[in-house]
Amino acid sequence: MYRAIAIVIASCTLGAMAGHANPLDVRALAASCASCHPPAASLPVPLEGQPREMLASRLHGFRDGSLHGTVMPQIAKGYTIDELDALADYFAQARAR
Amino acid sequence: MSADVGRRCALRTIGSAPLLALPGCSPIPASRAKRRIVVVGGGFGGATAARYAAMWGGDSVDVTLVERDDAFVSCPLSNLVLAGSRTLADITVGYDALARRGVRVIHDSAVAVDPERQRVRLARGDDLRYDRLILSPGIDFFYDRIAGLDTREARERFPHAWRAGPQTVSLRRQLEAMRDGGVFAISIPRAPYRCPPAPYERACQVAWYLKRAKPSSKVLILDGNEDVQSEKALFAKAWNDDYRGIVEYRPDCVLTGIDAATRTMRFEVAEDVTADVINIIPPHGAGDIARSAGVVTANGQWCEVHFLTFESVKVPGIHVLGDAIQVAPLMPKSGHMANQHGKVAAAAALAALAEQPVNASPVLNNVCYSFINDREAAHIVSVHRYDATQQTFVSVPEARGVSEEKSALDGDYGFAWARAIWTDMLG
């Protein structure tokens, strides 16, 4: 019972926020970015708390080739558009720790 | 990761499970209800798994990391220490921050695993009980496959320096002591081995040092494989241009023996080679503790895992990650990849304890920088998505890429990458 309620609460808050089925999946996806963009670090670019539209447009730009870079144009092509949007939502709402 | 809201949700769902398991009982103290995750090995994979298990598990779990060394020494960038443009101190990071982030760090050697009783035996300390075990054992070497490497003295004289640390320093000292006009030989084992581009980066780094300090000297690459295993065009260009007359590459040189008295290397087919400084990277496989746990399943060398969870295909309750695993197709054995494994394994271990489903579609990425000299590097990138039909990770073709040429920008990013990933794993 408690567990069911907890899951519903989790789903409502994060699921609605990210527009993604499972918030833990988005968390896992975001963790894959943290190797180069670790929590609370400034190198090379902090992601937490950045404006959502800026994050989304850059990720989309890397993916569609309109934005140049070193490794990100390749990495972004490995993620779906929905995943990139979920990541933009996630990092925009995350607070730097 | 860093979203507090995400952590709270995870705590709620996971934290409620132990209470449900005891209907009708009065609540037991939280400390006794905690589940135990033990991580063995504090490298790129294990330190990451420990940090993320503690971060995501919060108060629901006790996370213990067993690591034999006092500090982490990074293999990435260690070739620059050989070249003398960086020091060992530059690539060494302590475990203090990890301890402050809720991981209990025990500096000891795990010597045996008892999967039945769910215990890890330590060399000095008491046995550790676990509910989930995460093994990130790195590699150990098959010295017996090379005649003449059977003594400790021989292994120190012909160091692998394939685990960064004392052997990195000792190989550097040998290079410093070598005469101008001497030959440095590096022996590469058959693939798969730890970090595909690293032997070729090492050849560049040693050549960079010799070109400046001892310009009549040579670097001889003796590859146990039929061709360069990673970024061939890039490395070939460096050897033909930057290090022309210094670096020589020879394929199909499978090392079978070393004569210490004459410093002569013997091969399966190729002619004998005599050199002044000899760097032997012996064939290797999963670290020895994996053998004790019974999780070495592929060719007596690597550990097969279920890729959704990194749980051993053989022993339930034990996750294996990093260089020790039998990799998916086109998945490199790299520090970055081990760091990515660590997060999937941490989430899977927590999900198992909470009896929750795991992420059904994990995505991993890999970024490696190879330094051609003291400041210029090149990158290789890939993304690996879990394929439910094949039950393995599949490399996304359009996401694969390498630098067209070395650059100072990639060098800057390479150094930034190292600082970033050390922060990600060690806090």
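Since the model is a prediction, treat every value here as computed from it, not as a measurement. (Residues numbered from 1 in each chain as written. Chains lettered and ligands numbered in written order. Predicted model: local features only at pLDDT ≥ 70, side-chain atom pairs only at ≥ 80, totals over all residues. Heavy atoms only, no water.)

Residues and elements named next belong to chain B. Across the sheet, which stays open at both edges, the 3 strands sit in the order S14-S15-S16 with antiparallel pairing between neighbours. Lying at the two open borders of the sheet, with one neighbouring strand each, are strand S14 (255-259) and strand S16 (273-274). For S14 and strand S15 (residues 264-267), the ladder comprises 4 bridges, and the chain directions are antiparallel. Paired with glycine 257 across the bridge in S15 is arginine 266. (Pairing = 2+ DSSP bridges. Helix = DSSP H or I, 4+ residues; strand = E, 2+ residues; numbered from the N terminus.)

Turning to the confidence of the model for chain A, a few remarks are in order. Overall, the predicted model of chain A reaches an average pLDDT of 80, with 71% of residues at or above 70. Within the model, the stretch residues 1-19 of chain A combines pLDDT values under 50 with 28 contacts to residues more than four positions away or in other chains. (pLDDT = per-residue confidence, 0-100. Contact = heavy atoms within 4.5 Å.)

Another point: the pairing of strand S1 (residues 35-40) of chain B. All names here are of chain B. In the sheet, S1 pairs with strand S2 (residues 61-67) via 6 bridges, with the strands oriented parallel. Bridge pairing in S2 links arginine 35 to valine 61. Remark: the S1/helix H4 (residues 44-57)/S2 crossover connection has right-handed handedness. Direction of pairing for S1 relative to strand S9 (residues 132-135): parallel, over a ladder of 4 bridges. (Right-handed = clockwise from strand over helix to strand, strands pointing away.)

What follows concerns the sheet that holds strand S6 (residues 110-114) of chain B. Residue and element names in this part refer to chain B. Here we have 3 strands laid out as an open sheet, ordered S6-S7-S8, and antiparallel in their pairing. Only two strands of the sheet have a single partner each, and these edge strands are S6 and strand S8 (128-129). Bridge count for strand S7 (residues 119-122) against S8 is 2 bridges, and the pairing is antiparallel. Within S8, the residue paired with arginine 119 across the bridge is arginine 129.

Moving on to the confidence of the model for chain B. Overall, the prediction assigns chain B a mean pLDDT of 93, with 93% of residues at 70 or greater. Taken as a whole, residues 1-31 of chain B scores under 50 in pLDDT and shows 56 contacts with residues more than four places along the chain or in a different chain.

Moving on: the nonpolar core. Residues and elements named next belong to chain B. In this structure, Ile37, Val120, Phe310 and Ile318 are the most contacted members of the largest nonpolar core, which totals 101 residues. The biggest single contributor to this core is H4, with 9 residues. Apart from residues lying up to four places away in sequence, valine 120 is in contact with Val38, Val40, Ala110, Ala112, Val113, Asp127, Leu128, Tyr130 and Leu133. Of all hydrophobic cores here, the second largest spans 56 residues; its members include Trp162, Leu171, Ile188 and Leu234. (Core = buried A, V, L, I, M, F, W, Y, C linked by side-chain atoms within 4.5 Å. Buried < 20%, exposed > 50% of the residue type's maximum accessible area, 1.4 Å probe, protein only.)

All names here are of chain B. Throughout the structure, instances matching the rule amount to 14 aromatic pairs over all chains. Arranged with centres 5.8 Å apart and planes meeting at 90°, the rings of phenylalanine 307 and phenylalanine 310 form a pair that is edge-to-face. Summarising the burial analysis for this pair, phenylalanine 307 and phenylalanine 310 share the class buried. Among the aromatic residues, those joined into a cluster by ring pairs are Tyr200, Phe235, Trp239 and Tyr249. The ring of tryptophan 302 is capped by lysine 333, whose NZ or CZ atom sits 3.5 Å from the centre of that ring. (Phe/Tyr/Trp six-rings, centres within 6.5 Å; stacked < 30°, edge-to-face > 60°. Lys NZ or Arg CZ within 6 Å of the ring centre and 35° of its normal.)

Here we take up the side chain of aspartate 131 of chain B. Residue and element names in this part refer to chain B. Tracing the backbone shows aspartate 131 in the loop between S8 and S9. Side-chain polar atoms of aspartate 131 contact the backbone nitrogen of arginine 36, separated by 2.7 Å. In this structure, aspartate 131 is in contact with Arg35, Arg36, Gln118 and Leu353, ignoring residues within four places of it in sequence. (Polar contact = N/O pair within 3.5 Å; in protein donor to acceptor, adjacent residues only side chain to side chain.)

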